[in-house]
Amino acid sequence: MILLGVNIDHCATVRQARYREAPAACGGAIEPDPVAFALLAERAGADGITVHLREDRRHIQERDVWRLRESIATRLNLEMACTPLMIEFALRLKPDSVCLVPENRREVTTEGGLDVVANRERVNDCVSAMTAAGIFTSLFIDPDSAQIETGAALKAPWIELHTGAYAEAFHSPRRGAEFERLCQAATLAAKSGLSVNAGHGISYVNIAEVRQIPHLHELNIGHSIVSRALFTGLEEAVREMRARLNA
Ligand code: PXP
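Since the structure is predicted, the reported quantities are computational estimates derived from the model, not experimental observations. (Residues numbered from 1 in each chain as written. Predicted model: local features only at pLDDT ≥ 70, side-chain atom pairs only at ≥ 80, totals over all residues. Heavy atoms only, no water.)

Comments concerning the pairing of strand S7 (residues 195–199)
Here's step 1: Here S7 lies mainly inside the structure; four of its five residues are buried.
Here's step 2: Note: S7 against strand S8 (residues 216–221), four bridges, orientation parallel. The residue bridging Val 196 from the neighbouring strand is Leu 216, located in S8. (Buried < 20%, exposed > 50% of the residue type's maximum accessible area, 1.4 Å probe, protein only. Helix = DSSP H or I, 4+ residues; strand = E, 2+ residues; numbered from the N terminus. Pairing = 2+ DSSP bridges.)

Structure, rendered in structure tokens:
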């Protein structure tokens, strides 16, 4: 059984489109509430809730994360940049896991994987601090053998394979090669003792192939589920993705 982590960032994107300047992130007329959204996702079968607290706070706010920590019944996965400020925040928050991602203010969404080879020391410090605090670390990396080998050497328990290049190539002749890259990366990661998650650009269409990547433990899916929820409601959107994931 492959687990489903629901990324709720884009619920907060809708709120921020209207209430960016509001002093409080919730209450009164301020909607939609990402915490209520997370609880509904859990009721529909989400195995975990993922949020990305970006440096520019474009969607999820700190207060959302604290409220989620107190409210949800499954697991809280905090996506974050590998910076001293975020490490300090995570150690206070104590999420169940952190997923280290690269961050670039100009990007629309996380564009590439974290380069753990080039940032080995920084990543090592973060993994050690999280492990000492009982928090699992996942490294969001491209399906590349050097990244995976370094991730294993840094003793991160999990990786999350970046499926963005595959998703972009889905309707092109490169799709087969990108899928093969993901399969090889997952095989190498599992052999190296890493637990394999994946995410980015996964949809109701490409899930049929993505779920065949070997050794998958959990997928983190956001945009496609939130988009579908506009038409079907969130519970139906989560239920359907979960059913397709384990069809
Ligand atoms: N995993 C990671 C590490 C991400 O940064 C994102 C995007 O925030 C996702 C998964 C979810 O991607 P999508 O919204 O395309 O499903």
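Let's pick the thread back up.
A look at the site of the ligand
Here's step 1: Glu 79, Glu 160, Gly 201, Gly 222 and His 223 are the nearest of the 14 residues found near the ligand.
Here's step 2: Alone, the ligand offers 390 Å² of accessible surface; in the complex the protein occludes 94% of this. (Near = heavy atom within 4 Å. Areas by Shrake-Rupley, 256 points an atom, 1.4 Å probe, with all protein chains shown as cover.)

Describing helix H5 (residues 120–132)
Here's step 1: Here H5 contains 13 residues, and its C-alpha end-to-end distance of 18 Å stays within 8% of the 18 Å for a straight helix at 1.5 Å per residue.
Here's step 2: Of the positions making up H5, those classed as buried are Val 123, Cys 126, Val 127 and Met 130. Here the buried residues of H5 occupy an arc of 100° about the axis, which is enough to place them on one side. In H5, the exposed positions that point more than 90 degrees away from the buried face belong to Glu 121, Asp 125 and Ala 132.
Here's step 3: For H5, the secondary structure elements touched by its buried residues are strand S3 (76–80), helix H4 (84–93), strand S4 (97–100) and strand S5 (136–141).
Here's step 4: Phi for Gly 134, located one or two positions after H5, is positive at around 80°. (Expected span 1.5 Å × (residues − 1). Arc of directions from axis to C-beta. Contact = heavy atoms within 4.5 Å.)

A few points about the pattern of salt bridges
Here's step 1: Counted by the stated rule, this structure contains 15 salt bridges.
Here's step 2: Here Arg 239 and Glu 236 are joined by a salt bridge, their closest N and O atoms 3.5 Å apart. One end of the pair is Arg 239 and the other is Glu 236, both in helix H11 (residues 234–245) and three residues apart, which spans about a single turn.
Here's step 3: Residue Glu 236 is classed as partly exposed on the basis of its relative accessible area, which comes to 36%.
Here's step 4: Taking the shortest distance from any N to any O, the salt bridge between Arg 244 and Glu 240 comes out at 2.5 Å. One end of the pair is Arg 244 and the other is Glu 240, both in helix H11 and four residues apart, which spans about a single turn.
Here's step 5: Each of the salt bridges in this network shares a partner with another, and the network as a whole consists of Arg 43, Glu 235, Glu 236 and Arg 239. (Salt bridge = Lys/Arg side-chain N within 4 Å of Asp/Glu carboxyl O.)

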